[in-house]
Amino acid sequence: MHGTTLPPFPTDVPTHPLLIIDFGLIKAGDHVESERLWEAATTLGFWYLKNHGADKEVDAMFKVGAETLALPLEEKMKFEQGDEGQSCGYKKSGANAVDASGQLDAVEFINISKDDALAFPRVAHRTYPAPTTAAIPTAVAPFVRKGLDISYTVLRLFNERLGLPEGTLDRFHDLEEYSGSEVRVIRAPPMPGKVTADRATLGAHTDFGSLSFLHNRLGGLQVLPPGHTEWSYVKPIPGHAVCNVGDALSLFSGGILRSNIHRVVPPPGAQGDHERFSLVFFTRPGNSKILRALVEDSPIIAEAVKNQPEKDFETGSTAAEWFARRVKYQRINNRKGPETWAASRGTEHQPAAA
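The structure contained in this document is the topic of the report that follows. (Residues numbered from 1 in each chain as written. Predicted model: local features only at pLDDT ≥ 70, side-chain atom pairs only at ≥ 80, totals over all residues. Heavy atoms only, no water.)

## Overview of the environment of R326
What counts, and what does not: Secondary structure elements are taken from DSSP: a helix is a run of H or I of four residues or more, a strand is a run of E of two residues or more, and numbering for both begins at the N terminus. Any pair of N or O atoms that falls within 3.5 Å is considered a polar contact. Within protein, one atom must be able to donate a hydrogen and the other to accept it, and sequence-neighbouring residues count only if both atoms are side-chain atoms.
Checked against the element boundaries, R326 lands in helix 10 (residues 319-328). For R326 and I112, which are 214 residues apart along the polypeptide, the C-alpha to C-alpha distance reads 18 Å. A distance of 2.9 Å separates a polar side-chain atom of R326 from the backbone oxygen of S344.

Structure (structure tokens):
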């Protein structure tokens, strides 16, 4: 898809507006922009991010992903993520369920661990296909560092707004500790026509971790805002990332920060004639951190939890356990029935819709 002119996003499909946040202003401590980011994170949990300064790194990662995913399937399968809940590695199309019925997903992806990218040439978790390995110092690690810089900037703002002691969320995402943080490059095949328009290529879910930094050039991402019954597209805007809050941050904050449900369907209209690449950096807490509301550290969080007696913010799970469970029970090889899909769920606010 690189170098080809892509058709425009159609004007006749339902879209959900997102606030556009200027990362340059956030970095500079701009009060008005910080308020807007807080509004986005505590309502829908999704926002566009402009002036993020990662365009060069994004382009390089798309190139690495395309080269890696163009390898023969036999070669890619040597680096398969497996069925035990490990995320880093390759996942072929059809390896995961997208819903309780066991319908198969229609995307392939390569996940590269943040730990492997930053430890290179030492191997922290696993090895990767040759085009990925060759690009770790030149493309993967620089993209990881950009993603982390953006995430830590946003986490510090949230830390302050949540009334947490300085450095609390930094500690929960300590770079010295191994974590599930990773880069993912996803490829979906062309899926033209109305027949496939509503078929989820990636099932409805909340994200596992804390923050996601997503780049895509074709439509397909959809959100189901709280209180809505219809899915709406998030329109891709050139040069803008789509960011969202994940389960871990929602739990730490006692639900103040919203981890919202989303899915991926084929690109709408003429865009469906093209294969769809997307790129994400997922920031996740350190593996040993317990996912629970930080009620002892913040009266604001304690109050939020008290006002939601119907919700349980004590998962009893470490970040590593939460992450592995969600990955493991989406795998079709582990499927026993609808209960397997249920075991892969996170904080989805409408499990029936998921």
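So that's the structure; there's more coming.
## Quick word on the sheet that holds strand 9 (residues 232-233)
To keep it simple, the criterion reads: By definition, two strands form a pair when at least two bridges between them are found by DSSP.
Spatially, four strands are ordered 6-11-8-9 in an open sheet, and the strand pairing comes out antiparallel. Looking along the sheet, the strands with just one partner apiece sit at the ends: strand 6 (202-205) and strand 9. In terms of strand pairing, strand 6 meets strand 11 (residues 262-264) through two bridges, oriented antiparallel. Opposite L202, over in strand 11, you have V264 as the bridge partner.

## Let's talk about empty space enclosed by the protein
We apply this condition: Using a grid of 1 Å spacing that covers the protein atoms alone, one calls a set of points a cavity when a 1.4 Å probe fits there but cannot get out, and a pocket when the set is open and has protein on both sides within 12 Å along at least five of seven lines; lining residues are those with an atom within 4 Å of a point. Grid points are joined across faces, edges and corners, and a volume is the space filled by probe spheres set on the points. Note on residue classes: Ala, Val, Leu, Ile, Met, Phe, Trp, Tyr, Cys and Pro are nonpolar, Asp, Glu, Lys and Arg are charged, and everything else, Gly too, is polar.
Tallied over the full model, the rule gives seven cavities of 30 Å³ or more. Taken as a whole, the largest cavity holds about 460 Å³ of empty space. Around the largest cavity sit 36 residues that line it, and R184, L202, H205, D207 and F282 are the ones nearest its centre. Sorting the residues of the lining of the largest cavity by element identifies strand 4 (108-113), strand 5 (182-188), strand 6, strand 7 (211-216), strand 10 (241-245), strand 11 and strand 12 (276-283) as the ones contributing at least two each. Partitioned by chemical class, the residues of the lining of the largest cavity number 16 nonpolar, 12 polar and eight charged. When its volume is computed, the second largest cavity comes out at roughly 70 Å³.

## Considering the sheet that holds strand 2 (residues 46-50)
Under the convention used in this document: To obtain each axis, a line is fitted to C-alpha atoms, and for helices this fit is confined to the stretch in contact; angles are then taken between N-to-C directions over 0 to 180 degrees.
Spatially, the eight strands line up as an open sheet ordered 1-2-10-7-12-5-4-3, and their pairing is mixed. Two strands lie at the open edges of the sheet, namely strand 1 (20-22) and strand 3 (89-91), each paired on one side alone. The sheet shows a mean angle of 25° between the axes of neighbouring strands, taken without regard to direction. As paired strands, strand 4 and strand 5 are joined by six bridges and run antiparallel to one another. The partner of I112 across the bridge, within strand 5, is V183.

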